[in-house]
Structure formats: structure tokens, C-alpha cells
Amino acid sequence: MVTTILNKQSPFLRWAGGKRWLTSKYSDLFPKEYNTYIEAFLGGGSVYFHLEPKKAILSDLNYELITTYQAMQENPSKILKVLKKHSKKHSKEYYYEIRDKKPRAQIEIAARFIYLNRTCFNGIYRVNSSGKFNVPFGERYKIFLQNDDFIKISDSLKNTEIIHSDFETTIDKAQKNDFLFIDPPYTVTHNNNGFVQYNEKLFSWDDQVRLANKLIEAKNRGVLVMATNANHERIRELYEKDFSLLEVSRYTSISGLAKNRKSYSELVIRSY
């Protein structure tokens, strides 16, 4: 069984809808022991870095995100070298110049992704209909964080399988006593969360149903399942017969409107 270790590594990416609030306020909800940690919607990886399991499978359908994690796992020093070049040239004009580029080399993709993530508006990842990142400049001029340690991040990813995959393929890998954490895009309008409107284009209601069915299958295999989702009646209906449901609250500041920056209720779905 895996147990977590001390001296936790912080996530190196900002992520709208990330779960740092969950790890800080509700850490007691996570299982204490399990075999492999598996996450199918990786994003900023807050839960992974909080738990720091000794063995894990991490995946996401976002190719540039997964390429960044793979590069961080394999070549952190090379990413740092390119990111320093971006830092020296950083300005609003340079941000848009880099945003318009489409590098092909792994290290260049990773350094660009981290640079844009740290300087864009609120750490939002959004692409247009042509698949181009289109988040505006966030008026941020500090590229490096005080606790940045790319070598340490790389070490924390050492025994981790990082794959570019749809969630079904990843969930199917989970076996008895593995811990499966799932944090999909929220795609039902709840509590006036405007960011949901964009997510509906990425993750449809049919995807929500497909996900629920896969999680039920995983539970029946003996997988320890924990998922977060919108606290909405339709979501509850998908899970209430097979899982325990818990309402939790969190604060959001990703909205451009001050009136939408407040506490929201979310749903934690667990099989244990």
C-alpha cells in the first residue's frame, strides 16, 4: 500500500478550477492507503502533488499539458534554460508573440506552456475553434515563483506514468485498491459559474454520463474512487445510487466579474 510522504512539492502550474482548496480544507477525505494513484484529468495536479504517491498514472487529453509534464519529468534543466530566455524578454508584446507560436520540440512546448500559464489571465487554459491558445495577457511580470525547484518537481514525477489519453482509457487501468481521483470540467450551470459555459464545449453532457458509467465500473472492481463535480441535481442523479455524496464549499476568483467571485458549493463523490 502507498502512504504519502512529507515535504510536499507545490504544483508548478496555475489552473482555473484547480483543487488546492480541496487539499487544504478537506485533506481528510483522501484515503490513507492505496496501491497506485490514478488521475485522468490532470490539470495543475494539486491532489497529486499534495499526496505525493510513490506510484502513479497521470493523464489528460490536453496534449501540450501532458507534453509539459513529460518534459518536466525527463529534462527539467532544459526547460529552465528556455524559460529563463522567455523571462528576460517578457513583456505584454512578447507574451502575444509567444502565444502565436506553435513549437514542435518537447522542451520548447513545455517552456512556452509554463510561460503562458504563469503570465496569462488567471491561469485559464482556453483555445479557439482552430485549437489556438487565446487567453489574454494577465498583467503579470514575474515568471519564476519563490518556491520553484524544477529538479525537485522532476524527482516527484520519477515513478509516474504520464500519458496523453481520454479518461476512459485511464480509468480502465485502475484495479482493486488503486486510488482514482477524477476532477472533470464542470459542464452544468450551477451557482452562476460563468467558466462552465466554456467547459461545455470541451466536455459535453454525454461525456458526463460516459464518465459516471466508467466510475461505477471502477467502483465495482474495488477501486477507491473520489470525484469532484458541480453540485447540481443532474450530477447527483448520476451518482447517488452508487456513491456517497458530500457538499463542500470553495471560493473562486477566476471570473472577470466581481459579483461572481464568491463561495460556491461543489460535490465530492466517493466510493469509500
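An account of the accompanying structure is given in this report. (Residues numbered from 1 in each chain as written. Predicted model: local features only at pLDDT ≥ 70, side-chain atom pairs only at ≥ 80, totals over all residues. Heavy atoms only, no water.)

Observations regarding the environment of Lys101
Along the chain, Lys101 turns up in the loop between helix H5 (92-99) and helix H6 (106-119). Lys101 gets classed as partly exposed once you look at its relative accessible area, which sits at 44%. In the structure, Lys101 is positioned 31 residues away from Lys132 in sequence and 9.3 Å away in space, judged by C-alpha atoms. (Helix = DSSP H or I, 4+ residues; strand = E, 2+ residues; numbered from the N terminus. Buried < 20%, exposed > 50% of the residue type's maximum accessible area, 1.4 Å probe, protein only.)

A look at the nonpolar core
In terms of nonpolar packing, the biggest core is built from 51 residues, with Tyr37, Tyr69 and Phe179 touching the most fellow members. The element that contributes the greatest number of residues to this core is H6, accounting for seven residues. (Core = buried A, V, L, I, M, F, W, Y, C linked by side-chain atoms within 4.5 Å.)

Notes on the packing of aromatic side chains
According to the stated counting rule, one finds 23 aromatic pairs in the structure shown. A centroid spacing of 5.2 Å and a plane angle of 65° characterise the contact between Phe12 and Tyr69, whose relative ring orientation is edge-to-face. One end of the pair, Phe12, is in the segment before helix H1 (20-25); the other, Tyr69, is in helix H3 (residues 63-74), and 57 residues separate them in sequence. The class for Phe12 is buried, based on a relative accessible area of 2%. The exposure class of Tyr69 is buried, given its relative accessible area of 1%. (Phe/Tyr/Trp six-rings, centres within 6.5 Å; stacked < 30°, edge-to-face > 60°.)

Examining H6
The end-to-end C-alpha separation of H6 is 20 Å, in line with the 20 Å expected for 14 residues at 1.5 Å each. Along H6, 12 of the 14 residues are buried, which leaves the element largely enclosed by surrounding structure. Among the residues of H6, Ile107, Ile109, Ala110, Ala111, Arg112, Phe113, Ile114, Tyr115, Leu116, Asn117, Arg118 and Thr119 are the ones counted as buried. Lining the buried residues of H6 we find H3, helix H4 (76-89), H5 and helix H7 (150-156). (Expected span 1.5 Å × (residues − 1). Contact = heavy atoms within 4.5 Å.)

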